[in-house]
Protein chains: 2
Amino acid sequence: MKKQERDHEQCQGMIVPVRDAIDVLSGKWKLPIIIALGFGNKRFGELAKEIPGITDRMLSKELRDLEMNQLVKRTVYDTMPVTVEYSLTDYGSSLDKVVDELRKWGVQHRKRIMKGV
Amino acid sequence: MKKQERDHEQCQGMIVPVRDAIDVLSGKWKLPIIIALGFGNKRFGELAKEIPGITDRMLSKELRDLEMNQLVKRTVYDTMPVTVEYSLTDYGSSLDKVVDELRKWGVQHRKRIMKGV
DNA sequence: CGGTATCCCTGAGGATACTG
DNA sequence: CAGTATCCTCAGGGATACCG
């Protein structure tokens, strides 16, 4: 096999899974929600406070998406009025390292921008 | 300071930089382009071949975005007809670990989906 | 070869009001 | 409290054609 062919296959081997990940995590809000839940289970209103700028509508929608992808678990307590608690699943927690690298890069990026490069 | 306040601040300290990163890397195509260039400098047509499904228009637009953010460098060679080569900047290469964690997670995710969980 | 110009459409995301 | 309902805007992205 030629070098270009090897390169091409290796390249696809990276691009395809990364695109799978992007598809699940797409949008402005999913990672912030996952991060917030990483600090402990939270109720709807608590999440809304923790995530700057999100509307109720988007929070509701994104939580549903994350629940469908089994990254987040929704638990309803039969109190009066009802309380609902959101938590990360183990699968959601497996994004830990991704989030951490993204955070580290983001910190460096912000520094760079601030210096006005 | 109370525990909730500490948690809140720590949480913001993660969310804000991650959102900075998301803003720069947003969309379906930027990370795939960066990955492809990680395998070596490439010309427009080579990139188009390497990235499944991208249109010329999107490739052109995304390359401009990445160039503006100094993740990618564009070099024009004065041949006939002109050839243009794209390469990762050092800054672009600094996304290395982010991409790798995303790839690892994506591989696991694909396995999980395939099992039909 | 390495793009641009147009046109178009969907869906992400925002604003506001309302409900059990 | 934990959302829905409704309406709206805009940008991401696709298709096709064309250009130096």
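Use the structure listed above.
Residues numbered from 1 in each chain as written. Chains lettered and ligands numbered in written order. Predicted model: local features only at pLDDT ≥ 70, side-chain atom pairs only at ≥ 80, totals over all residues. Heavy atoms only, no water.

Undergrad: Kindly report on unusual backbone geometry, identifying the contributing residues and their values.
TA: Residue and element names in this part refer to chain A. A cis geometry characterises the amide bond from methionine 80 onward to proline 81, with omega recorded as 0 degrees. Here glutamine 70, not a glycine, exhibits a phi torsion of approximately 60 degrees, which is positive. By the secondary structure assignment, glutamine 70 is in the loop between α4 (56-68) and β2 (72-77). (Helix = DSSP H or I, 4+ residues; strand = E, 2+ residues; numbered from the N terminus.)

Undergrad: Explain the packing of aromatic side chains residue by residue, including any values.
TA: Taken as a whole and judged by the stated rule, the model has 2 aromatic pairs over all chains. With a centroid separation of 5.5 Å and 25 degrees between ring planes, the pair formed by Tyr91(A) and Trp105(B) is classed as stacked. Note that Tyr91(A) is positioned in helix α5 (residues 90-93) and Trp105(B) in helix α6 (residues 96-114), a pairing that runs across two chains. Residue Tyr91(A) is classed as buried on the basis of its relative accessible area, which comes to 10%. With a relative accessible area of 5%, Trp105(B) lands in the buried category. Over the aromatic face of Tyr91(B) sits the side chain of Arg112(A), whose NZ or CZ is 3.7 Å from the ring centroid. (Phe/Tyr/Trp six-rings, centres within 6.5 Å; stacked < 30°, edge-to-face > 60°. Buried < 20%, exposed > 50% of the residue type's maximum accessible area, 1.4 Å probe, protein only. Lys NZ or Arg CZ within 6 Å of the ring centre and 35° of its normal.)

Undergrad: Explain the protein's contact with DNA strand D residue by residue, including any values.
TA: Taken together, 17 residues sit near DNA strand D, with Arg43(A), Ser60(A), Arg74(A), Tyr86(A) and Arg57(B) positioned nearest. A share of 62% is what sugar and phosphate atoms reach among the atoms of DNA strand D within 4 Å of the protein. Between DNA strand D and Gly45(A) there is a distance of 3.3 Å, counted from a phosphate oxygen to a backbone nitrogen or oxygen. Between DNA strand D and Asp56(A), the relevant distance is 3.4 Å, taken from a base nitrogen to a side-chain nitrogen or oxygen of the residue. Of all elements in the fold, only α3 (44-50), α4 and β3 (83-88) of chain A together with α4 (56-68) of chain B reach the threshold of two or more residues within the surface near DNA strand D. With 4 residues, α4(A) is the single largest residue contributor to the surface near DNA strand D. (Near = heavy atom within 4 Å. Polar contact = N/O pair within 3.5 Å; in protein donor to acceptor, adjacent residues only side chain to side chain.)

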